[in-house]
Amino acid sequence: MATHEVLSSVALLLVLVLAAAGAARGFYLPGVAPRDFRKKDQLAVKVNQLSSIKTQLPYSYYSLPFCLPDTIVDSAENLGEVLRGDRIENSLYVFEMREPRLCQIVCKTVLSHEGAKDFKEKIDDEYRINMILDNLPLVVPIKRLDDHEAPTAYQLGVHIGVKGQYSGSNEEKHFIHNHFSFLVKYHRDENTDLARIVGFEVKPYSIKHEYDGDWKENGTRLKTCDPHSRRLVVDSNSPQEVEAGKETIFTYDVNFEESDIKWASRWDSYLLMTDDQIHWFSIVNSLMIVLFLSGMLAMIMLRTLYRDISKYNQLESQEEAQEETGWKLVHGDVFRPPARADLLCVYVGTGVQFFGMLLVTLLFAILGLLSPSNRGGLMTAMLLVWAFMGVLAGYAAARLYRAFRGSEWKKVTLRTALMFPGAAFAVFFVLNALIWGERSSGAVPFTTMTALVLLWFGISVPLVFVGSYLGFKKPAMEDPVRTNKIPRPIPEQPWYMNPAVSVLIGGILPFGAVFIELFFILTSIWLHQFYYIFGFLFLVFAILVVTCAEIAVVLCYFQLCGEDYEWWWRSYLTAGSSALYLFLYAAFYFFTKLDITKVVSGVLYFGYMLIASYAFFVLTGTIGFYACFWFTRLIYSSVKID
């Protein structure tokens, strides 16, 4: 079976599997599956996790003593939602379409000492409540005071409460947001009078409610919030303290507002970035610099190589060459298998698996199949595609191992299937144990862990063996030149061609290609923002591939000109060293952009960034290796060698 046939089969299989998964979970292209509501139709408001950018540890909404429904119902979750820590549950907030409600009482509760302590800790850590209405997340509108014409920005989720002081007092108190003023925006069809929800906003208040007489579950009228006497909550001048043993009454308003925004465009305001001009300028500027440098490097390489090959061939034809020089001199050793060739094959196979996963996932994201409305869809797709790309990992590792004339292909295949996923799973397991120790809803349940292991050993590992079998049974690639039996001694190299120096230099340019985009990706992950510009991400990915390939080829050429023929591992490490800069930048981002104070949260951050950097190393290293592999075969097949 040819390589392109294997690729075609895998691509077709992926399309069918993801299409089936999409049908089962109901994910959709934006604008395909709207819901129409008649007047007075009930709207289900669901509560999601409590999240904080200071701790990065999500908790279930009902882990705090909020008002409890009679029965808590968990909504169906996909694999990605479980891994993200999403816990979507029903709530006591009741809306009716286009029916405003004022001063609705949710419940009255008396906080225990433990409950008050939990609330204070969550307020200290700036936790936010996340809710969902018709698949839209709850947001708090924030107007810029310095620029009234600027579009409204939105904060995802509403803070549980705030810390503050009474006037004339220096003592800091904790105040809970116990009154929510919801605003539901809808777009109405004038012909049918049906409406679609296009916005879900809230303004939080802290108000110490008062009432006369005894408390009645259904008949109590509040003195602090009563639409009949036109007393509504419009400020927090008399806030509700978080205090054990004191009553706390939770209330809400809900208003409806007709909007010109159509359903297909309802996510646009959520995805609006306040610094979009800087983002676009930085991306374009970065791409222009990288393209300019890449063009310069490519031009130099093409001109130099063309002159070298012409000179060598001309000298051979005139029989004037008494002694070979430069890169041609090492033609008898350049294709000698490297030390630890089996390990190199494993890393190359894993890199091909990553490359295929990213390419397919980005294509699906660009097509809109992984829109933000499909929570957890991106992570679920990445895991599925990774598993099915195992066939490419096995095929690539086996083809390279066959070129090295290796015979233990089963051993190499097993290491390809287990090494990187095993290392990542071990780190993930330790981090998950830490999350479990904090009693966070972000801890992955045992059943989900079992599903991940089954996905790994039930799909990925067998496909790696299938790909390896297909690759190993094909004839080995023939080298363009013969390899000498006795290796040639490598002359002493100048300091700038020292392996450590050239490897560290080689990683700078690929990192520069993704530097700006990396900032926005880290922001979306760790500051809980939406990332949606997959078109630009695909462009940056393409630039990264070109940059890794060109820098690896340039340094490989200089290495061969210095009569150093040990290019196999060097080509991999040259491009792969960009992962070191990625991890260093992640550390810089942690100390300059994040406000994480808990030790566990810091360990989680660096643990996950270590996995990401390791994956980036495998990906970029494989790109650099294949570029040099193609380059060396090309130049040594272009000259006449006796």
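Here's what I pulled together on the structure shown here. (Residues numbered from 1 in each chain as written. Predicted model: local features only at pLDDT ≥ 70, side-chain atom pairs only at ≥ 80, totals over all residues. Heavy atoms only, no water.)

### Examining the overall build of the protein
And step 1. When you go through the protein residue by residue, the secondary structure sums to 15 helices and 13 strands.
And step 2. Looking at the 642 residues of the protein, the share that counts as buried comes to 52%.
And step 3. In the protein, 81% of the contacts between residues at least 6 apart in sequence involve partners at least 24 apart.
And step 4. Here the protein displays about 31300 Å² of accessible surface, and carbon together with sulfur accounts for 59% of that area. (Helix = DSSP H or I, 4+ residues; strand = E, 2+ residues; numbered from the N terminus. Buried < 20%, exposed > 50% of the residue type's maximum accessible area, 1.4 Å probe, protein only. Contact = heavy atoms within 4.5 Å. Areas by Shrake-Rupley, 256 points an atom, 1.4 Å probe, with all protein chains shown as cover.)

### Concerning the packing of aromatic side chains
And step 1. Scanning the entire structure with this criterion turns up 52 aromatic pairs.
And step 2. Members of the aromatic cluster, joined through ring pairs, are Tyr-347, Phe-354, Trp-386, Phe-420, Trp-569, Tyr-572, Tyr-614 and Phe-617.
And step 3. It is Arg-402 that lies over the ring of Phe-472; its NZ or CZ is 5.1 Å from the centre. (Phe/Tyr/Trp six-rings, centres within 6.5 Å; stacked < 30°, edge-to-face > 60°. Lys NZ or Arg CZ within 6 Å of the ring centre and 35° of its normal.)

### Observations concerning the state of the cysteines
And step 1. For the structure shown, the criterion picks out two disulfides.
And step 2. Disulfide partner of Cys-67: Cys-107, at an S-S distance of 1.8 Å. Taking the sign of the S-S torsion, -75 degrees for the link of Cys-67 and Cys-107, the bridge is left-handed. Here Cys-67, found in the loop between β1 (42–51) and α2 (79–84), pairs with Cys-107, found in strand β3 (residues 101–110); they are 40 residues apart in sequence, far enough to count as distant. Summarising the burial analysis for this pair, Cys-67 and Cys-107 share the class buried.
And step 3. Cysteine pairing for the protein, with bonded cysteines counted in sequence order: 1-3, 2-4.
And step 4. As a non-bridged cysteine, Cys-628 has Cys-556 as the owner of its nearest cysteine sulfur, 4.0 Å distant. (Disulfide = S-S within 2.5 Å.)

### Considerations on the environment of Leu-156
And step 1. Relative to the elements of secondary structure, Leu-156 occurs in strand β7 (residues 153–156).
And step 2. The exposure class assigned to Leu-156 is partly exposed, which follows from its relative accessible area of 23%.
And step 3. For the pair Leu-156 and Ile-129, spaced 27 residues apart in sequence, the C-alpha to C-alpha distance is 8.9 Å.
And step 4. The contact partners of Leu-156, leaving out residues within four places of it in the chain, are Arg-128, Asn-130, Pro-137, Leu-138, Val-139, His-528 and Phe-530.

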